Amino acid sequence: MLKEKKFKHKHLLGLQYLSKEDIEIILDTAKPFKNLFTRSIKKVPTLRGRSVVLLFYEPSTRTRTSFELAAKRLSADTVNISVQTSSVQKGESLIDTAKTLEAMKADFIVIRHSHAGAPHILSQNVSSSIINAGDGFHEHPTQGLLDIFTIKEKKGRIKDLKVVILGDILHSRVARSNLWGLTKLGAKVVLCGPPTLIPYGIDKIFPEVEIEYNLDKAIKNADVINILRVQFERQLEHLFPSVREYSLLYGMNKERLKIARNDVLILHPGPMNRGIEITTDVADSLNSVINQQVTNGVAVRMAVLYLLSLNS
Amino acid sequence: MKILLKKKDIDKIISNLTKKILKKYKKNLNKFGIIGIHTNGVFIAKRILNKIEKLTNKKIPFGYLDITFYRDDIGYKTNIKNPKETNITFDVNNKEILLVDDVIYTGRTIRAAIEQILEIGRPKSLSVAVLIDRGNRELPIYAEFVGKKVKTKPNQQIELLLQEETSQEDKVIIYSK
């Protein structure tokens, strides 16, 4: 019998902490889950009796719904905690909230928090499996995984693809998870955005990654362009002169699409600011896989929940 | 480690199984379908399928499934194989389905496969064919077509090394864990 590589993690804190093989196992496992979506019964009994708590300290629709659907399609029970109406408002600490959930025997805690490292703290303090659904500017591993899954599904490989990550890299946990995952799988990553939005020192962490401030140069012969949202809630006013200028210099439009390869894939983690970082004709073009990303997100999250359950 | 079956034994068993299977289903081949269980079950199912298609000159619907998501030991057993794809594209409703696996043992794999098929549709009937029945059932599950019965103890392991996966001549080995 051929020896299989096994997934050995109990928590998913970031793609930084996974090996190339771990990422490949998740991608391979997501495929059979995706096949389920064509059936009339999309549910499997895999995680019957387990419970998944969704603890979101920041707003989210797609990630939270996606995790909830993923858990439900695995027959797990889900509980949504909306922080605005929870004891957090009475001043309960993050660890105390998590310990309460642990005491209720939550098997998984899916957490989104504005502070980088919040999921790590939980993983050291409670026995539940912790899944990072976005922590500060640090990582959003399931988004990174679903982006990579979508690219691999369409292109058949990751290795040697030219992938441009475009826009507000500085505030983007999606960009960081993509960076870790894509570089581990051998893609050629190019970061592009206004100099103020490219984090200082990123070339030290990822020496193989190229930084290009000129969008037209960056997307030449690109196989994939992953367009990030301009995060207005992060007080960007002083980081670039105007939205109009941003859109002119770094907005993806139909004209620019011609510079990339004909079969370039357009990704966007959503929610989109149509007309700012991406024009509507690009978002709805045949090159766009933005809706497929959402579908794949559920399959990838099912794979993550399933694989973590083997070690919890 | 002992060699339980060699290539010529396996070929003969599959030929005999095919004969028995055809005897039952030949009257109603239009309703017949074969589903193999990953991994070795798929290889054996394909061999049986090829023989039946050659003998009858008919195309038989074929699918394969992976039972991982239907296992009853997730979180209990640590050595679970990575899931493979399930692909059953034909309509199982009202069909006479033959499930094929390599070895039947506790009966839990077949239990999971039955659950999975019943979620896709309602076959007219479901039967099971296996190359080897090693006894020690833990569930009331029965294989109608059995190639070879072998008495085993729970600490023993039977392993099929089929040419489709190993690129070497078929053999079945048995050893104690």
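Above: the structure in question.
All figures in this text were calculated on a predicted structure; none of them were measured in a lab.

The subject of this paragraph is the overall build of chain A. Each helix and strand counted, chain A has 12 helices and 9 strands in total. A globule of 312 residues ought to have a C-alpha radius of gyration of about 20 Å, and chain A, at 19 Å, matches this closely. The buried share among the 312 residues of chain A stands at 48%. The long-range fraction of contacts in chain A, counting pairs at least 24 apart against all pairs at least 6 apart in sequence, stands at 76%.

What follows deals with the overall build of chain B. Within chain B one finds 4 helices and 8 strands. Secondary structure of chain B in N-to-C order comes out as β-α-β-α-β-β-α-β-β-β-α-β. Here chain B has a C-alpha radius of gyration of 16 Å; the compact-globule value for 177 residues is 16 Å, and the two agree. Taken along the three principal axes of its C-alpha coordinates, chain B extends 45 × 40 × 30 Å. Looking at chain B as a whole, 36% of its 177 residues qualify as buried. Considering only contacts within chain B whose residues lie at least 6 apart along the sequence, 68% involve residues at least 24 apart.

Now for the sheet that holds strand β1 (residues 2-6) of chain B. All names here are of chain B. Ordered in space as β1-β8-β7, the 3 strands form an open sheet in which the pairing is antiparallel. Each edge of the sheet is formed by a strand with only one pairing partner; in this case those strands are β1 and β7 (156-161). Between one strand and the next, the sheet's axes are offset by a mean angle of 20 degrees, whatever the strand orientation. Across 6 bridges, the pairing between β7 and strand β8 (residues 171-176) is antiparallel. Paired with L161 across the bridge in β8 is K171. On the sheet, helix α1 (residues 7-25) packs against β1 and β8 and is oriented at approximately 45 degrees with respect to β1.

As a further point, take the interface of chain A and chain B. Contacts between the two partners involve 16 residues from chain A, matched on the other side by 15 residues from chain B. A breakdown of the residues in the side of chain A that touches chain B according to their chemical character gives 7 nonpolar, 5 polar and 4 charged.

Residue and element names in this part refer to chain B. Its 13 residues place the ends of helix α3 (residues 108-120) 19 Å apart at the C-alpha level, agreeing with the 18 Å of an ideal helix rising 1.5 Å per residue. Every buried residue belonging to α3 is among T109, I110, A112, A113, Q116 and I117, and all of these are buried. Axial view of α3: buried residues confined to an arc of 160 degrees, hence all on one face.

Time to look at unusual backbone geometry. Omega for the bond connecting G270(A) with P271(A) falls within 30 degrees of zero, at -10 degrees, which places this linkage in the cis form. Mapped onto the secondary structure, P271(A) falls in the loop between β9 (265-267) and α11 (280-283). With an omega of 0 degrees, the peptide bond between H38(B) and T39(B) qualifies as cis. Its identity is not glycine, yet N136(B) carries a phi of approximately 60 degrees, on the positive side. Position of N136(B) relative to the elements: it lies in the loop between β5 (125-133) and β6 (145-149). The phi angle at S167(B) is positive, at roughly 60 degrees, despite the residue not being glycine.

Turning to the environment of L99(B), a few remarks are in order. Residue and element names in this part refer to chain B. Tracing the backbone through its elements, the reader meets L99 in strand β4 (residues 96-104). Exposure remark for L99: the 24 C-beta atoms within 10 Å place this residue in the buried category. Discounting residues that sit within four places of it in the chain, L99 has contacts with I35, I37, I110, A113, L126, S127 and V128.

Glancing now at the sheet that holds strand β2 (residues 32-37) of chain B. Residue and element names in this part refer to chain B. Pairing within the open sheet is parallel, and its 5 strands lie in the order β3-β2-β4-β5-β6. Each having just a single partner strand, β3 (62-65) and β6 make up the two edges of the open sheet. Ignoring which end each strand starts from, the neighbouring axes of this sheet average 25 degrees apart. Pairing geometry for β5 and β6, over 4 bridges, is parallel. In the sheet register, I132 faces β6, and the bridge partner there is K148. Sheet strands touched by α1: β2, β4, β5 and β6. Its angle to β6, the strand with the most contacts, is close to 155 degrees.

This part is about the packing of α1(B) against helix α2 (residues 40-56) of chain B. All names here are of chain B. For the pair α1 and α2, the least separation of the axes is 10 Å and the interaxial angle reads 60 degrees. As the angle between them shows, α1 and α2 are arranged oblique. Remark: the crossing between α1 and α2 carries right-handed chirality. Listed contacts from α2 to I14, L17, T18, I21 and L22 of α1 are I44, R47, I48, K51, I52 and L55.

Residue and element names in this part refer to chain B. In a regular helix each residue adds 1.5 Å, so 19 residues correspond to 27 Å; α1 covers 27 Å between its end C-alpha atoms and thus fits that length. When α1 is considered as a whole, its buried residues turn out to be I10, L17, T18, I21 and Y25. Each buried residue of α1 sits inside an arc of 105 degrees when the element is viewed along its axis, so together they form one side. The exposed residues of α1 that point more than 90 degrees off its buried face are K8, K19 and K23.

Membership of the largest hydrophobic core comes to 136 residues, with the highest contact counts inside it found for I109(A), V110(A), V164(A) and I225(A). Sequence-distant contacts of I225(A), that is, excluding residues within four places in its chain, are made with V164(A), L166(A), I219(A), M252(A), A260(A), V264(A) and I266(A).

Residue and element names in this part refer to chain A. At a minimum axis distance of 8 Å, the contact between helix α5 (residues 141-155) and helix α12 (residues 290-309) shows a crossing angle of 120 degrees. Along this stretch, α5 crosses α12, giving a crossing that reads as right-handed. Here T142, L145, L146, D147, F149 and T150 of α5 come into contact with α12, specifically with Q292, Q293, N296, G297, V300, R301 and V304.

Each value, and the rule that gives it
- In this convention, every chain numbers its residues from 1, walking through the sequence in written order.
- Here chains are named by letter from A upward and ligands by number from 1 upward, in the order in which they appear as written.
- Side-chain atom pairs in this predicted model are given and counted only at pLDDT of 80 or more, local residue features only at pLDDT of at least 70, and totals for whole chains, interfaces and linings cover all residues.
- Strands are runs of DSSP state E lasting at least two residues, helices are runs of H or I lasting at least four, and both sets are numbered from the N terminus onward.
- Using C-alpha atoms as the atom set, the radius of gyration is obtained and then compared with a globule rule of 2.2 Å times the number of residues to the power 0.38.
- Three exposure classes are used, based on other C-beta atoms lying within 10 Å of a residue's own C-beta, which is placed from the backbone: buried for 20 or more, exposed for 12 or fewer, and partly exposed in between.
- In this description, a residue-residue contact is defined by the distance between C-beta atoms placed from the backbone, which must lie within 7 Å.
- The pairing criterion is simple: DSSP has to find at least two bridges between the two strands.
- Throughout, an axis means a line fitted to C-alpha atoms (over the contacting stretch in the case of helices), and angles, computed between N-to-C directions, take values from 0 to 180 degrees.
- Classification used: nonpolar for Ala, Val, Leu, Ile, Met, Phe, Trp, Tyr, Cys and Pro, charged for Asp, Glu, Lys and Arg, polar for all others including Gly.
- Between the first and last residue of a helix there are one fewer steps than residues, each counted as 1.5 Å, and that sum is the expected span.
- Arc definition: it is the arc formed by the directions from the helix axis to the C-beta atoms.
- Every angle not falling under 35 degrees, over 145, or within 65 to 115 is termed oblique; those three ranges are roughly parallel, roughly antiparallel and roughly perpendicular.
- Should the near helix be turned counterclockwise from the far one by less than a right angle, the crossing is left-handed, whereas a clockwise turn marks it as right-handed.
- A set of buried Ala, Val, Leu, Ile, Met, Phe, Trp, Tyr and Cys residues, joined through C-beta atoms within 7 Å, is what we mean by a nonpolar core.

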